[in-house]
Amino acid sequence: MLDVTRAYGLDFLFPVGDTAVGLSLREHGEFARPEVDLVCLLARGTFVDVGANIGAIALPAAAARPDLKVVAAEAHRGLAGLLAANTHGNHLD
C-alpha cells in the first residue's frame, strides 16, 4: 500500500508503513532540511545520493538547483521503484 504527500513543492509516493521519511514529509513538509540546504549551497557539477530511498533529499535538491546534475541510487527494489516514480512524477528525469 502506498500513500502520497506533498513536500518541498513536490509530490512523494511512499510506503504506508514508513514511519521515518514518509511520515516526516507528510507531517512536517520536509525531511533532512539542513542536508538539502547544504547540498543546494555547496554542490557543484554532480551530486550523487547513494541510498536515496524515495528521493527526499535528491529530488528537492534537483528541483532547487536545475544547474546541478543529480544522480540518485537506491538498492532496495521497491524503494527504487518509488524513487523512479517520484522522479518521473515531478518531471525531474
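This section reports on the structure supplied with the text. (Residues numbered from 1 in each chain as written. Predicted model: local features only at pLDDT ≥ 70, side-chain atom pairs only at ≥ 80, totals over all residues. Heavy atoms only, no water.)

### Some points on the nonpolar core
Ala-7, Leu-10, Phe-12, Phe-14, Val-21, Leu-25, Ile-54, Ala-56, Leu-59, Leu-79 and Leu-82 form the largest nonpolar core, which has eleven residues in total. Within the residue set of this core, elements represented by two or more residues are strand 2 (10-15), helix 1 (21-28) and helix 4 (77-89). Sort the elements by how many residues they give to this core and strand 2 lands first, with three residues. Val-36, Val-39, Ile-57 and Ala-61 belong to the second largest nonpolar core, which has eight residues in total. (Core = buried A, V, L, I, M, F, W, Y, C linked by side-chain atoms within 4.5 Å. Buried < 20%, exposed > 50% of the residue type's maximum accessible area, 1.4 Å probe, protein only. Helix = DSSP H or I, 4+ residues; strand = E, 2+ residues; numbered from the N terminus.)

### A word on the pattern of salt bridges
Scanning all chains against the criterion turns up five salt bridges. The partner of Arg-26 in a salt bridge is Glu-27, and the shortest N-O contact between them spans 3.9 Å. Under the relative-accessibility criterion, Arg-26 is labelled partly exposed at 38%. When salt bridges with common partners are traced through the structure, they connect Asp-3, Arg-26 and Glu-27 into a single cluster. (Salt bridge = Lys/Arg side-chain N within 4 Å of Asp/Glu carboxyl O.)

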